[in-house]
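An overview of the molecular structure
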Amino acid sequence: MSTTFTSHASRTQGTVSLNDHDIRIFPHTAPGLHIFMASSLFMKVELATGMSLLWDGKNRVYIDAPSSHFNKVKGLCGTFNHNQKDDFLTLEGDIEADVNTFAKKWTLGECKEQIPADEAKRPCDIYPQKSAEAQKFCSRLKSNYFRTGHDVVDPEPFYKKCIFDMCSCESKPEDCLCPAFADYGAECAKKGVLIRWRDNIKECSLKCTGGQTYQECADPCQHSCLTIASNVKCLKKCVEGCACPPGTTLNNDEMCIPVSECQCIFEGKEYLPNSKRLDGSDVCICENAVWNCRAASLKELVSVTNPDDLMQRDPEYCGKQLNMEYTNCVPVCPPNVPK
């Protein structure tokens, strides 16, 4: 059995385009995928195939494939078979030696025109004036800033990548430097070593708002009330960025609140904490943004009819609606219709 994923997504300035449709409200669920903000830095896409993607909207993408995909994938990310010698496998079954030729075999449309025919010179050879500055900045990877990670992750490969990125950088230095540092920090986090490097490197510091704090290993499943409510099967994996302290999460106003104050979602509507609804012979209670269900008592089967009826009995709920208040006598006829 094979699965073909045909959706095309791009993210610019906080907007995601999925199959030519802009998406501005998250989380968003579409056939075969679920998109949500994992932290202040990363958006996460979870596919029905079990694969997931973390993307900062600029230059960092992390793709995670479950073991069930072992030796079943190929493309720009390699073959996932523990054999690096065939990572440059093309769609035709050839193994290319040149990275640009390999990449061109997997590109579509106008992207092909942006890849040079032959492998270019090293950027530091093309722009020698940038080399000294690149070495100065990138040497921090080998300094005490990242010393706690040196025993578990060799900084040398990341240092070389940092030099390459800095010499080829066409924007502000920090736009190329900070992702290189973050890449090393993420690899260390996978090994269980958390490095708060952004606290010491001012060019890469993050300004967190709404009660959030910088975290090297935040829980993407707890980023917001909506994230918790809409994705109960979310897989907890480290993600860097600003996030609320443990036990709290972002509300709709981007402020950290206790998870116990989060609303739940049912059929596209939000309901207050401790709200109840029936699901067959079970009663479901809104607790910590999710519906917890149990067998309903006879009294509950009689009293809890549907979410809308229950919500109308809640004065606090009614107070949140425009110009509405609770009443025991709701008119049967629609407004402006003679009785």
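Here goes a summary of the coordinates provided. These numbers come from a predicted model, not from an experiment. (Residues numbered from 1 in each chain as written. Predicted model: local features only at pLDDT ≥ 70, side-chain atom pairs only at ≥ 80, totals over all residues. Heavy atoms only, no water.)

This part is about the sheet that holds strand β15 (residues 276-279). An order of β15-β16-β17 is seen for the three strands of this open sheet, with the pairing classed as antiparallel. In this open sheet, the two edge strands, each paired with only one partner strand, are β15 and β17 (290-295). Across the sheet, the mean angle separating the axes of adjacent strands is 35° when strand polarity is ignored. Pairing analysis gives six bridges linking strand β16 (residues 282-287) to β17, with the strands arranged antiparallel. (Pairing = 2+ DSSP bridges. Helix = DSSP H or I, 4+ residues; strand = E, 2+ residues; numbered from the N terminus. Axes fitted to C-alpha atoms, helices over the stretch in contact; angles between N-to-C directions.)

Moving on: the nonpolar core. Judged by nonpolar contacts, the single largest core of 28 residues is most densely connected at L141, F146, C162, M166, F181, Y184 and W197. When residues of this core are traced back to their parent elements, those giving at least two are α3 (131-138), α4 (156-167) and α5 (173-190). Counting residues per element, this core draws most heavily on α5, which supplies eight residues. Excluding residues that lie within four positions of it along the chain, M166 makes contacts with K130, A134, F137, C138, P173, C176 and L177. (Core = buried A, V, L, I, M, F, W, Y, C linked by side-chain atoms within 4.5 Å. Buried < 20%, exposed > 50% of the residue type's maximum accessible area, 1.4 Å probe, protein only. Contact = heavy atoms within 4.5 Å.)

Here five strands make up an open sheet; going across it, the order is β4-β5-β6-β7-β8 and the pairing antiparallel. In this open sheet, the two strands that pair with only one neighbour each are β4 (28-30) and β8 (61-64). Recorded for the sheet is a direction-independent mean angle of 15° between the axes of neighbouring strands. The pairing of strand β7 (residues 52-55) with β8 spans four bridges and is classified as antiparallel. Bridged to L53 within β8 is I63.

Now for the side chain of T249. Position of T249 relative to the elements: it lies in strand β11 (residues 248-250). Only 3.2 Å separates the side chain of T249 from the backbone oxygen of H223, close enough to count as a polar contact. Within the local environment of T249, its side chain forms a polar contact with the backbone nitrogen of S224, the two atoms lying 2.9 Å apart. Look past the residues within four positions of T249 in its chain and what remains in contact with it is Q222, H223, S224, C225, I228, C244, M255, C256, I257, V259 and C262. (Polar contact = N/O pair within 3.5 Å; in protein donor to acceptor, adjacent residues only side chain to side chain.)

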